[in-house]
Amino acid sequence: MPEHYDTYDHLISLLDSSSLGYRLIDHEPEGATEAVCALRGHPASEAAKCIVLRVKVDRRTTRHVLAVVPGDRRVDLDAVRALFAARYVGFSDAQTAERLARAVPGTVLPFSFDPELELVADPDVVARPKLYFNAARLDRSLLISGADYERLAKPRIERIAAPASASE
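From a predicted model like this one, the values you see are computed outputs, not experimental measurements.

### Some words on helix α2 (residues 33–40)
What α2 keeps buried is the set Val36, Cys37 and Arg40. Along α2, the residues classed as buried sweep out an arc of 105 degrees about the axis, all on the same side. Facing away from the buried side of α2 by over 90 degrees, the exposed positions are Glu34 and Ala38. Elements that come into contact with the buried residues of α2 comprise β1 (23–26), β7 (131–137) and β8 (140–144). In the segment just after α2, Gly41 is the residue with positive phi, at about 80 degrees.

### Quick look at the nonpolar core
Ranked by size, the top nonpolar core spans 31 residues in total, and within it Leu11, Leu66, Val68, Phe111, Phe133, Leu142 and Tyr149 carry the most contacts. Once residues within four sequence positions are removed from consideration, Phe133 is found in contact with Leu11, Arg40, Ala48, Leu109, Pro110, Phe111, Ser141, Leu142 and Ile144. Counting 13 residues, the second-largest nonpolar core is a separate cluster that includes Leu53, Val65, Val75 and Val120.

### Describing the layout of surface pockets
Which parts of space are left empty comes out when a probe the size of a water molecule is rolled across the atoms. A volume near 470 Å³ is recorded for the largest pocket. Contributing to the lining of the largest pocket are 26 residues, with Gly31, Cys50, Ile51, Gly106 and Val108 lying nearest its centre. Contributions of two or more residues to the lining of the largest pocket are made by α2, β2 (48–56), α4 (94–101) and β7. It is β2 that provides the largest number of residues to the lining of the largest pocket, a total of 5 residues. A breakdown of the residues in the lining of the largest pocket according to their chemical character gives 16 nonpolar, 6 polar and 4 charged.

### Examining the pattern of salt bridges
Following the criterion strictly, the structure yields 10 salt bridges and no others. Arg140 is the salt-bridge partner of Asp26, the closest N and O atoms lying 2.6 Å from each other. Of this pair, Asp26 sits in strand β1 while Arg140 is found in strand β8, placing the two residues 114 residues apart along the sequence. Its relative accessible area of 18% is what places Arg140 among the buried residues. One salt bridge in this structure joins Arg63 and Glu118, with 2.7 Å as the shortest N-O distance. Residue Arg63 is found in strand β3 (residues 62–70), and its partner Glu118 is found in strand β6 (residues 117–121); the two are separated by 55 residues along the sequence. By relative accessible area, Glu118 is classed as partly exposed at 24%. Here the residues in one salt-bridge network are Arg73, Asp122, Asp124 and Arg159, joined through shared partners.

### What about the sheet that holds β8?
Strand order across the open sheet formed by 3 strands is β1-β8-β7, with antiparallel pairing between neighbours. The open sheet is flanked by β1 and β7, the only strands paired with a single partner. Each strand axis lies, on average, 35 degrees off the axis of its neighbour in the sheet, ignoring direction. Note: β1 against β8, 4 bridges, orientation antiparallel. Bridging across to β8, Asp26 finds its partner in Arg140. Strands β1, β7 and β8 of the sheet are contacted by α2, whose axis makes an angle of about 105 degrees with β7.

What counts as what
- Residues numbered from 1 in each chain as written.
- Predicted model: local features only at pLDDT ≥ 70, side-chain atom pairs only at ≥ 80, totals over all residues.
- Heavy atoms only, no water.
- Buried < 20%, exposed > 50% of the residue type's maximum accessible area, 1.4 Å probe, protein only.
- Helix = DSSP H or I, 4+ residues; strand = E, 2+ residues; numbered from the N terminus.
- Arc of directions from axis to C-beta.
- Contact = heavy atoms within 4.5 Å.
- Core = buried A, V, L, I, M, F, W, Y, C linked by side-chain atoms within 4.5 Å.
- 1 Å grid on protein atoms, 1.4 Å probe; cavity = no way out; pocket = protein on both sides within 12 Å on 5 of 7 lines; lining within 4 Å.
- Points joined across faces, edges and corners; volume = space filled by probe spheres on them.
- Nonpolar A, V, L, I, M, F, W, Y, C, P; charged D, E, K, R; others polar.
- Salt bridge = Lys/Arg side-chain N within 4 Å of Asp/Glu carboxyl O.
- Pairing = 2+ DSSP bridges.
- Axes fitted to C-alpha atoms, helices over the stretch in contact; angles between N-to-C directions.

Here you go:
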């Protein structure tokens, strides 16, 4: 991982200073939601799937959104477009996503440490008693309650998840 990404250390410092309970889980390196859920031993519905989106509000205004949905769902791009009254919503290119999330693909946290990256989480994410996600590393995950995640990350809570398609 590039040396300028200290995202894992930043996350652990934030958690330790918050006095919230969490658990680290070491596992084989994996970034795909279904595969890492199997390694961690829980259903995909308990995972946080984190996707960086490019939101074109108008011809001159582009915003970047970190959308967080349950691991067994997909981001509803139409819901995000309506939420921001945008002309277009799509997946961010890999380089921009990595720069804003400060993490490589497969390790994006459900936290934003960049002011240019707006954090939006589906209400089903924060409602989870157990919420798992890769901890800015492919070989280590974190378990926290959805309520503690909401208190710490302070996401905008909006309905942005849709059922996963048959191909996902």
